[in-house]
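Secondary and tertiary structure notes
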Amino acid sequence: MGNLGGLQQSIQAEWSKQEQDFQNFGHEVCNRVISLEDQRKGLVAGLKK
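Now for a quick tour of the structure. Note that the structure is a prediction, hence the values are computed from the model and not measured. (Residues numbered from 1 in each chain as written. Predicted model: local features only at pLDDT ≥ 70, side-chain atom pairs only at ≥ 80, totals over all residues. Heavy atoms only, no water.)

**Considering the overall build of the protein chain**
From N to C terminus, the protein chain includes one helix and zero strands. Taking the principal axes of its C-alpha atoms as reference, the protein chain extends roughly 70 × 20 × 5 Å. Sorting the 49 residues of the protein chain into buried and exposed places 0% on the buried side. If you sum the accessible surface of the protein chain, you get close to 4,600 Å²; carbon and sulfur atoms cover 59% of it. (Helix = DSSP H or I, 4+ residues; strand = E, 2+ residues; numbered from the N terminus. Buried < 20%, exposed > 50% of the residue type's maximum accessible area, 1.4 Å probe, protein only. Areas by Shrake-Rupley, 256 points an atom, 1.4 Å probe, with all protein chains shown as cover.)

**With respect to the pattern of salt bridges**
In the structure shown here, the tally under the stated rule is two salt bridges. Note that Glu 14 is salt-bridged to Lys 17, the shortest N-O span being 3.3 Å. Of the two residues, Glu 14 and Lys 17 both sit in helix H1 (residues 2-48), three residues apart, roughly one turn of that helix. Judged by relative accessible area, Glu 14 falls into the partly exposed class, the value being 35%. Residue classification places Lys 17 among the exposed residues on the basis of a relative accessible area of 62%. As a salt-bridge pair, Glu 37 and Arg 40 come within 2.7 Å of each other at their nearest N and O atoms. Of this pair, Glu 37 and Arg 40 both sit in helix H1, three residues apart, which is roughly one turn of that helix. Its relative accessible area of 29% is what places Glu 37 among the partly exposed residues. (Salt bridge = Lys/Arg side-chain N within 4 Å of Asp/Glu carboxyl O.)

Here it is in structure tokens:
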């Protein structure tokens, strides 16, 4: 049982070190999806003319 607690602490420590990177990656992905959706909307609007 002691090893399980150590593993949990190791995982929490690693998460803390990388949490900002994960959040930045999530924001970048979200911004890219928004950009692609805006491009798609523009393309569809252009095709309707």
